[in-house]
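Each chain, written out:
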Amino acid sequence: MLRLLKFLKKNVFQILLIVVLLIFQVNCDLALPDYTSRIINVGVQQGGIEETIPKLIRKSKLEEILLFVDPSERQDILKNYTLVTKKSDEYPYDILEKEDIYVLDNEDYENTDFERAMLVDYMMTTDEQEGVAVQEKMKENLPSEMQQMNLIDIIKMMPEDDLSSMRKNIQDQFKEMPDTIVSQSATSFIRSEYKEIGVNTDKIQSDYILVSGLKMLGVALLSMGLTISVSLLASRIGASLAKRVRKAEFDKALRFSRAEYKKFGISSLITRNTNDVQQVQLMIVMTLRLLIYAPILALGAVRKVLTTAPSMTWIIWVGIAVVFTIVITLFAVAMPKFKKVQKLLDRLNQVTREIITGIPVIRAFSNQKYEEERFDKANVDLKKTNLFVNRVMNVMMPTMMFTMNGICILIIWNGAHGIDQGLIQVGDMLAFIQYAMQIIMAFLMISMFSILLPRANVSASRIMEVLEEDESIKDPTRPKTFSKRIQGEVEFKNVSFRYPDSDEDVLTDISFKATKGTTTAFIGSTGSGKSTLINLIPRLYDVTKGEVLVDGINVKDVLLKDLHHKIGYVPQKGILFSGTIESNIKFSDENMSDEQMKKAAQIAQAEDFILEKKKGYQSEISQGGTNVSGGQKQRLSIARAVAMDPEIYIFDDSFSALDFKTDYLLRKALYENAKDATIFIVAQRINTIMKADQIVVLNEGKVVGIGRHEELLKTCEVYREIAESQLSKEELENGQSTN
């Protein structure tokens, strides 16, 4: 998989941009639980009061509180307040008509002793049940006449020594009390004090919740925008990578020889360039979208968890351990099957391709049932493997949901005890749950990535097998150029050839020479090596021993494009491409003149049937030329080669689908218009080649005769047997065919 990353060099900036956007997105996602916590803790429980030091406080109430503060702290507290004695536009509170209030000058002022003193005063003056119980307990040992008095009034009557001792006891008791309880109680006191002064506390609460909610909505919208941006960029990068990989794989396949095609198989090459690339593309998108995002989210959420409720972090580690155990188990079970899926997909494509292309033969032999069973077997094998993988993966989701819900229960159970003990607040517990879910979801994303990784890794390996395949036929490092002095001369020097996977030579010690303006024909029994021999000229295969020379230069020493530019090749099986008749004839040069195209069609005896069509040369040709007959396909293939006006023509049994008359007229027109070209013809019919300048007779990969028709009848037994099987005695004696 890593070897394919070289195709992402052009997307480095976009990838860096995605990383930056994901960092911002993670910060947004991590901020949402914090807003939830603040809305509950501050907006609901504290009535929107964030401060723990009152901004406004009545003079009488401040004097009460100072009773519970050391004398050394009193002056420090008072110097941070300013006394307001009159009602004004800035302080429009009716209570100023009765008593003075203090206004805090320094909003950043903090004093823990002051907060604890407010808590004590609140507990001694509140009408709430918990406070009343504390007040009654403190009055238990007092004289009966004092039990009806206010606790504050009683404390004011206490001697300074007793008051100092009381302060010390209070401080000792508060040392073990969590700061959260002290702060929350302080805000409760502040809220009640603001109500006494005349501040609209309901508006403070509603404004806080509204503003916090709007901020939360803004962060959520920003996160959504970042998510869309990252998804768009990741999709573009994935599509760009897929395009480059497909192009590289296709270009590589174009340079393959028949040996490589045989090694990989056409169906497999198609699968590797489509389905395998798609798997890699999906993997890249998921990597950019999730694999980068998930670890950042997990680390950020862990950091938040450690600051929100450190006492419950053990629950997170338990959850992570469970998730990892599930993922590793499923990964170990499914991995071997992922490797098998792609091979089975290759097999299904191969069977499908064979059946579809062979439908006429299958129907002719009434063999549909067997082919259906063959397809069903390949299809069922793939289905079973996919079902197994899907079932294994389907276990993951309910297991993960069970794990997540179990973690929620643990957090609530543990958090409830923490709330009861005053260790955390309700909002903090809810935020902790959200952070925990983010951590688990992050690891779930990573686990989902691990599902895609095996299949994508297999696909990437299959792609790299194609890209890294050493081409058996390639351009030389120091190419030679053809001489203009010699044109169209071809010579075989002691040529032997065997297929890469074969132990025996197909051709053995072949030597002959074809000069410019001559026609060389090849004939022999089926399997004698005729097509293989002429395929060595355009380097569809490379010789095993010996040399093939074109214009005196070994074909291995020139660029393939220069060699192919000299050759007009018509394969044994006529191949047409989807488009028009014009585009097929002009295949070698789309800028070819219409006159040259029409002349080629005339030589190939194709113009008559072309003009019979309504659109003429603009008539459509379907994929593979299925909408024209075999003879028409061959003639268009010949016209395509003739239109190149090459120095060398190669006809690999290209007249087999033509009737005798068309065959004769075509060869006659070809000889008249290509007098200076070197022509090679592979044929099964004697009448097609009997006028050739030289005929090469092959038998079991060896040359058993070379010469003209008349000579070979006398000197070559193999040729004579072929001739006698096709021509009458009279035709043999006259040296011509009646056809």
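Conventions we followed
- Residues numbered from 1 in each chain as written.
- Predicted model: local features only at pLDDT ≥ 70, side-chain atom pairs only at ≥ 80, totals over all residues.
- Heavy atoms only, no water.
- Salt bridge = Lys/Arg side-chain N within 4 Å of Asp/Glu carboxyl O.
- Helix = DSSP H or I, 4+ residues; strand = E, 2+ residues; numbered from the N terminus.
- Buried < 20%, exposed > 50% of the residue type's maximum accessible area, 1.4 Å probe, protein only.
- Contact = heavy atoms within 4.5 Å.
- Core = buried A, V, L, I, M, F, W, Y, C linked by side-chain atoms within 4.5 Å.
- Pairing = 2+ DSSP bridges.
- Axes fitted to C-alpha atoms, helices over the stretch in contact; angles between N-to-C directions.
- Right-handed = clockwise from strand over helix to strand, strands pointing away.
- Phe/Tyr/Trp six-rings, centres within 6.5 Å; stacked < 30°, edge-to-face > 60°.
- Lys NZ or Arg CZ within 6 Å of the ring centre and 35° of its normal.
- pLDDT = per-residue confidence, 0-100.
- Expected span 1.5 Å × (residues − 1).
- Arc of directions from axis to C-beta.
- Parallel < 35°, antiparallel > 145°, perpendicular 65-115°, else oblique.
- Nonpolar A, V, L, I, M, F, W, Y, C, P; charged D, E, K, R; others polar.

1. Description of the pattern of salt bridges
If you walk through the whole model with that rule in mind, you get 27 salt bridges. When the shortest N-O distance is used, the salt bridge between Asp251 and Lys247 registers 2.7 Å. On the criterion of helical spacing, the pair formed by Asp251 and Lys247 is a turn pair, its members being four residues apart in helix α9 (residues 201-255). Measuring nitrogen to oxygen at the nearest pair gives 2.8 Å for the salt bridge that ties Asp542 to Arg539. Judged on exposure class, the residue Asp542 and its partner Arg539 are both buried. Taken together, the shared-partner salt bridges in this structure form one network comprising Lys252, Arg255 and Glu471.

2. Quick word on the side chain of Lys61
The residue Lys61 is located in helix α2 (residues 59-66) in this model. Ignoring any residue separated from it by four or fewer positions in sequence, one finds Lys61 in contact with Asp121, Thr125, Phe189 and Glu193.

3. Thoughts on the nonpolar core
One finds Leu4, Ile18, Ile411 and Ile439 to be the most contacted residues of the largest nonpolar core, which totals 72 residues. For this core, the secondary-structure elements that each account for two or more residues are α1 (12-45), α9, α12 (275-291), α13 (293-308), α14 (313-357), α16 (368-420) and α17 (426-467). Setting aside anything within four residues of it in sequence, one finds Leu4 in contact with Leu241, Val245, Val280, Ala460, Ile463, Met464 and Leu467. Membership of the second largest hydrophobic core comes to 49 residues, among which are Ile585, Leu658, Ile695 and Leu727.

4. With respect to the sheet that holds strand β1 (residues 56-58)
Strand order across the open sheet formed by three strands is β1-β3-β2, with antiparallel pairing between neighbours. Every other strand in the sheet has two partners, leaving β1 and β2 (81-84) as the edge strands with one partner each. With strand direction ignored, the average angle separating the axes of adjacent strands in the sheet is 30°. Bridging between β1 and strand β3 (residues 101-104) involves three bridges; their strand directions are antiparallel. Bridged to Ile57 within β3 is Tyr102. Together, β1, β2 and β3 form the strand contacts of α2, whose direction differs from that of β1 by roughly 85°.

5. Examining the sheet that holds strand β13 (residues 678-682)
Spatial ordering of the open sheet is given by β9-β12-β13-β6-β14-β15, a layout of six strands whose pairing is mixed. In this open sheet, the two strands that pair with only one neighbour each are β9 (567-570) and β15 (702-707). Going across the sheet, the axis of each strand differs from the next one's by a mean of 15°, ignoring polarity. Here helix α24 (residues 660-673) sits on the sheet in contact with β6 (519-524), β12 (648-652) and β13, set at roughly 160° to β13. Of the strands in this sheet, β6, β14 (694-699) and β15 are in contact with helix α27 (residues 717-726), which crosses β14 at around 100°.

6. Digging into the side chain of Thr688
When you line up the elements, Thr688 lands in helix α25 (residues 686-689). Given the relative accessible area of 3%, Thr688 is considered buried. When residues no more than four places from it in sequence are discounted, the contact partners of Thr688 are Phe655, Asp663, Arg667, Tyr671, Ile681 and Ala683.

7. As for the pairing of β13
With five of five residues buried, β13 is to be regarded as a mostly interior element. Covered by surrounding structure in β13 are Thr678, Phe680 and Val682 together with Ile679 and Ile681, the residues of both alternating faces. Inspection of the sheet shows β6 paired to β13 by four bridges, in the parallel sense. Of the residues in β13, the one forming a bridge with Ala521 is Ile681. Where β12 meets β13, five bridges bridge the pair, whose relative direction is parallel. Paired with Ile650 across the two strands is Phe680, which belongs to β13. Of the crossover connections in this fold, the one passing from β12 over α24 to the parallel β13 is right-handed.

8. Section: the packing of aromatic side chains
Using the criterion set out here, one finds 13 aromatic pairs in the structure. Note on Phe256 and Tyr261: the rings are 6.1 Å apart at their centroids and 80° apart in plane angle, and the pair reads as edge-to-face. For Tyr261, a relative accessible area of 26% gives the class partly exposed. Their ring planes at 5° and their centres at 4.6 Å tell us that Phe577 and Phe587 sit as a pair that is stacked. You can see Phe577 sitting in the loop between β9 and β10 (579-580) and its partner Phe587 sitting in the loop between α20 (581-585) and α21 (594-603), a full 10 residues away along the chain. Its relative accessible area of 38% is what places Phe577 among the partly exposed residues. Above the face of the Phe482 ring, Lys566 is positioned so that its terminal group lies 4.7 Å from the ring centre.

9. Quick look at the confidence of the model for the protein chain
Across the protein chain, the average pLDDT comes to 84, with 94% of residues at or above 70. Per-element averaging of pLDDT across the protein chain places helix α28 (residues 729-734) at the bottom with 68 and strand β4 (residues 490-497) at the top with 94.

10. With respect to α13
Given 3.6 residues per turn, any residue in an α-helix points the same way as the ones three and four places further on. With 16 residues, α13 extends 22 Å from end C-alpha to end C-alpha; this agrees with the ideal 22 Å at 1.5 Å per step. Along α13, the residues classified as buried are Tyr293, Ala294, Leu297, Ala298, Gly300, Ala301, Val302, Val305 and Thr308.

11. Section: unusual backbone geometry
The backbone phi angle of Asp645 is positive, close to 50°, even though this residue is not glycine. Assignment of secondary structure puts Asp645 in the loop between α23 (630-643) and β12. According to the relative accessible area criterion, Asp645 is exposed, its value standing at 56%. Residue Asp653 is not a glycine yet carries a positive backbone phi of 50°. Here Asp653 is to be found in the loop between β12 and α24.

12. Digging into α27
For α27, the complete set of buried residues consists of Tyr719, Ile722 and Ala723. Projected onto a plane normal to the axis of α27, the buried residues spread over an arc of 95° and lie on a single side. For α27, the exposed residues set more than 90 degrees away from the buried face come down to Glu717 and Ser725.

13. What to know about the packing of α12 against α13
One can describe the packing of α12 onto α13 by two numbers: an axis separation of 5 Å at closest approach and a directional angle of 15°. Taken together, α12 and α13 sit at an angle that is classed as roughly parallel. Contact residues: Arg289, Leu290 and Leu291 in α12; Tyr293, Ala294 and Pro295 in α13. Looking at side-chain class alone, the contact of α12 with α13 contains five nonpolar, no polar and one charged residues.

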